[in-house]
Amino acid sequence: MVGPVTSDELSARRANSFGVHAATYAEHRPDYPAAAIRWSLAPLGEGAHRVLDLAAGTGKLTGGLVAEGHHVTAVEPDEAMLSELVRHHGGVRALPGTAERIPVPDATMDAVVVGQAFHWFNATKALPEIARVLRPGGILAGLWNSDDYSVPWVEEFHRAAGDDRPPKMDGTVDNMPPHPLFRDPETREFPHHQRRTAESLVATIGTYSYTLVMPRAEREKLLDDLLQFLRTHPETTGEFDVPMVTYAKRTTRV
C-alpha cells in the first residue's frame, strides 16, 4: 500500500518539475529589473565583475547580468534548463552543478547571485559552499519577483489561483538566512512589470511548480478558470502590464 505523499517528497517533486517545461519557462517567466541587478552588485564598484548565476534556470537573470557587462558563469542542475540557457545565452560559461556543490575553484567569483531559487537550497550546506567560491568582500545577492498584490485585480486573480497569502519581503528574504561567513545584509524593493495577455499570463502560472505537479485534469481546470477570470476583467483585456515587485537582498563575504 502506498502511503500519503510527504511534504519533503512534494517539495522534491516541485523542485524537479521544471526541466520538461524548460522552453515554456524561458518563454513566459519574467526577467529582473536592471535597477535591482545594479543595486545588488553596487558594493563591488564600477566595471565588469566575475558573477556566478547560481541555479540559473533558463537564464532569466543571466541575460540581465550579461546586459550589464559582467563576466557570467551560470550553474544549473537540470540538464534541460541548462540547455535552454545555452540556447539563449550561448556566450556564457554554463556548468551543471548545485548550490551545495558548485563546480568552480575557491575565491574565483566577485559575486554569486540567485534568482527565484534560494528556497530550493539546503542553506546549511549551500552558504558555506557559496562562501568558498567568493573572494573576501564578494557579494551574495538573492532576487525574487512577485506580482504586486496591492493592486486589486492582481490580488483577486491570485485568490482565484488558490494563493491568498501575498508574499512579504521579510518572508521572502528569510530563504537566505544569516551566516557567520557573511556580514552587512541589506534589502530593497524595486518596481517591475511584465507585458502579458490573458493567455500568456495563464501560461506563466502554468510554469509554477505547484501547478506543474497537479494532476492533469485539475491543472487544466485551474488554468481554464484563470483564463476566464482574465477575459472578464477590463484591466486584463488585450495586452496589459502585470505590476510586479522585485525583492532583493545582498550580503558581503567576510
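Up top you'll find the structure we're talking about.
This report concerns the structure included in the present document. (Residues numbered from 1 in each chain as written. Predicted model: local features only at pLDDT ≥ 70, side-chain atom pairs only at ≥ 80, totals over all residues. Heavy atoms only, no water.)

### Considering the nonpolar core
Part 1 of the reasoning: Leu 54, Val 112, Val 114, Phe 118, Phe 121, Ile 130 and Leu 140 are the most contacted members of the largest nonpolar core, which totals 29 residues.
Part 2 of the reasoning: Secondary-structure elements contributing two or more residues to this core are strand S1 (50–54), strand S4 (109–115), helix H6 (123–133), strand S5 (134–147), helix H8 (169–173) and strand S7 (240–253).
Part 3 of the reasoning: Here this core takes six residues from H6, the largest share from any one element. (Core = buried A, V, L, I, M, F, W, Y, C linked by side-chain atoms within 4.5 Å. Buried < 20%, exposed > 50% of the residue type's maximum accessible area, 1.4 Å probe, protein only. Helix = DSSP H or I, 4+ residues; strand = E, 2+ residues; numbered from the N terminus.)

### A closer look at unusual backbone geometry
Part 1 of the reasoning: Located in the positive-phi region is Ala 107, a residue other than glycine, with phi close to 55 degrees.
Part 2 of the reasoning: As for its placement among the helices and strands, Ala 107 is situated in the loop between strand S3 (93–96) and S4.
Part 3 of the reasoning: With a relative accessible area of 37%, Ala 107 lands in the partly exposed category.
Part 4 of the reasoning: Although it is not a glycine, Asp 184 sits at a positive phi angle of roughly 55 degrees.
Part 5 of the reasoning: With respect to the secondary-structure elements, Asp 184 resides in strand S6 (residues 182–196).

### Observations concerning the side chain of Ser 200
Part 1 of the reasoning: Here Ser 200 lies in helix H9 (residues 198–205).
Part 2 of the reasoning: At 2.8 Å, the side chain of Ser 200 and the backbone nitrogen of Thr 197 are in polar contact. (Polar contact = N/O pair within 3.5 Å; in protein donor to acceptor, adjacent residues only side chain to side chain.)

### Brief notes about the pattern of salt bridges
Part 1 of the reasoning: Using the criterion set out here, one finds 14 salt bridges in the structure.
Part 2 of the reasoning: For Arg 132, the salt bridge is made with Asp 106, and the minimal N-O distance between the two is 2.6 Å. Linking Arg 132 in helix H6 with Asp 106 in the loop between S3 and S4, this pair joins segments that are 26 residues apart in sequence.
Part 3 of the reasoning: Judged by relative accessible area, Arg 132 falls into the partly exposed class, the value being 25%.
Part 4 of the reasoning: Take Asp 106: its relative accessible area is 52%, and that puts it in the exposed class. (Salt bridge = Lys/Arg side-chain N within 4 Å of Asp/Glu carboxyl O.)

### Some details on helix H7 (residues 152–160)
Residues spaced three or four apart along an α-helix face the same direction, because each turn holds 3.6 residues.
Part 1 of the reasoning: Restricting attention to buried positions, one finds in H7 the residues Trp 153, Val 154, Phe 157 and His 158. Looking straight down H7, one finds that the buried residues subtend no more than 135 degrees of arc, so they occupy a single side.
Part 2 of the reasoning: Looking at the buried side of H7, the elements it contacts are S5, H9, helix H11 (216–231) and S7. (Arc of directions from axis to C-beta. Contact = heavy atoms within 4.5 Å.)

Any functional reading would require information beyond the geometric quantities listed.
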